[in-house]
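Analysis of the macromolecular model
Below, each chain spelled out in residue letters.
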Amino acid sequence: MDPDLGAMLLADARLPTGGHAHSAGLEPALAAGLDRAEVPEYIRARLRSVALVDASAAVLTLRAAGEQHVRLDEIHDALLARTPTEPVRAASALLGRGLVRLAERLWPDHPTVAALDALGPGPQRPVALGVVAAVMGLDESHVARACLYEDAQTVAAAALKLLPVDPVDTARWIWESAAVVGESAEIAVAVTCPAEMPAVTAPLAEHWALQHENSTRRIFVA
């Protein structure tokens, strides 16, 4: 597959992996008092923290997929260790399951896709994303940027359902986050092993995720 086309496919919100049911933590953040004017900074904060961790895991998975004996468990375990909140893990696993379904339908005999089975029924999204990116022939920069862009775009798309906001403004939020996407992508690509993965998180977002799990009035899974 043309890697540029593959990158666009992965970045397309219409890809049937379940992303429409997630807000990247925006819904609980707004419920906790985040102001509409603060959403662009919320996007950039995620790009420098949780999305950066995800991107580094996706890059490492892409590299591992090119090895003779594909082992993903060490990367997966390192990612779980950097995702302390169970609802966030569960949301990532749901998205990972959607990517596995896509991969198994399109490339059922690919050995790297088969390696995902060893991680259980719901691998974390960045690891599944790295596998799909490898099968598509994407490079490290492609998968890092796709992972980061998807996180930012998930917030922007959710904002259209949660806030009185002009769609042009949400497009501007993404455009103005381009420099942070580039910076975080460079950091992710520079990671050489699971132990070097950034261990940065957003404590308030973790707290909000726990509150959201017990909410009975919500639009998004997470």
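Residues numbered from 1 in each chain as written. Predicted model: local features only at pLDDT ≥ 70, side-chain atom pairs only at ≥ 80, totals over all residues. Heavy atoms only, no water.

Under an unreviewed UniProt entry, the name given to the protein is Urease accessory protein UreF, and the organism recorded is Saccharopolyspora aridisoli. Per its UniProt entry, the protein bears the Function (unreviewed entry) comment "Required for maturation of urease via the functional incorporation of the urease nickel metallocenter." Regarding the protein, the UniProt comment filed under Subunit (unreviewed entry) reads as follows: "UreD, UreF and UreG form a complex that acts as a GTP-hydrolysis-dependent molecular chaperone, activating the urease apoprotein by helping to assemble the nickel containing metallocenter of UreC. The UreE protein probably delivers the nickel." (UniProt positions renumbered as here; feature names shortened; annotations may be inferred.)

Our focus in this paragraph is the side chain of aspartate 151. For aspartate 151, the location among the structural elements is in helix H9 (residues 140–162). Here aspartate 151 is in contact with Ala24, Arg46 and Ala51, once residues within four sequence places are set aside. (Helix = DSSP H or I, 4+ residues; strand = E, 2+ residues; numbered from the N terminus. Contact = heavy atoms within 4.5 Å.)

What follows deals with the layout of surface pockets. The calculated volume of the largest pocket comes to roughly 630 Å³. Lining the largest pocket are 36 residues, and of these Ala24, Arg46, Val88, Ala91 and Ala222 sit closest to its centre. Size it by volume and the second largest pocket reaches roughly 260 Å³. Every residue lining the second largest pocket is counted, 16 residues in all, and those nearest its centre are Ala13, Gly19, His20, Thr154 and Ala157. Elements supplying a minimum of two residues to the lining of the second largest pocket: helix H1 (3–11) and H9. No other element matches H9, which puts six residues into the lining of the second largest pocket. The residue inventory of the lining of the second largest pocket, partitioned by class, reads seven nonpolar, six polar and three charged. (1 Å grid on protein atoms, 1.4 Å probe; cavity = no way out; pocket = protein on both sides within 12 Å on 5 of 7 lines; lining within 4 Å. Points joined across faces, edges and corners; volume = space filled by probe spheres on them. Nonpolar A, V, L, I, M, F, W, Y, C, P; charged D, E, K, R; others polar.)

As a further point, take the nonpolar core. Core analysis: the biggest nonpolar cluster contains 65 residues, and Leu10, Leu26, Val39, Leu47, Leu72 and Met197 have the highest contact counts within it. Per element, the largest residue contribution to this core is ten residues, and it comes from helix H4 (residues 50–64). Contact partners of leucine 10, with chain neighbours within four places excluded, come to Leu15, Leu129, Val132, Ala133, Met136 and Leu138. (Core = buried A, V, L, I, M, F, W, Y, C linked by side-chain atoms within 4.5 Å. Buried < 20%, exposed > 50% of the residue type's maximum accessible area, 1.4 Å probe, protein only.)

This brings us to the confidence of the model for the protein. Predicted confidence across the protein gives a mean pLDDT of 91, with 100% of residues reaching 70 or more. Averaged pLDDT values for the elements of the protein fall to 78 in H1 and rise to 98 in helix H11 (residues 178–190). (pLDDT = per-residue confidence, 0-100.)

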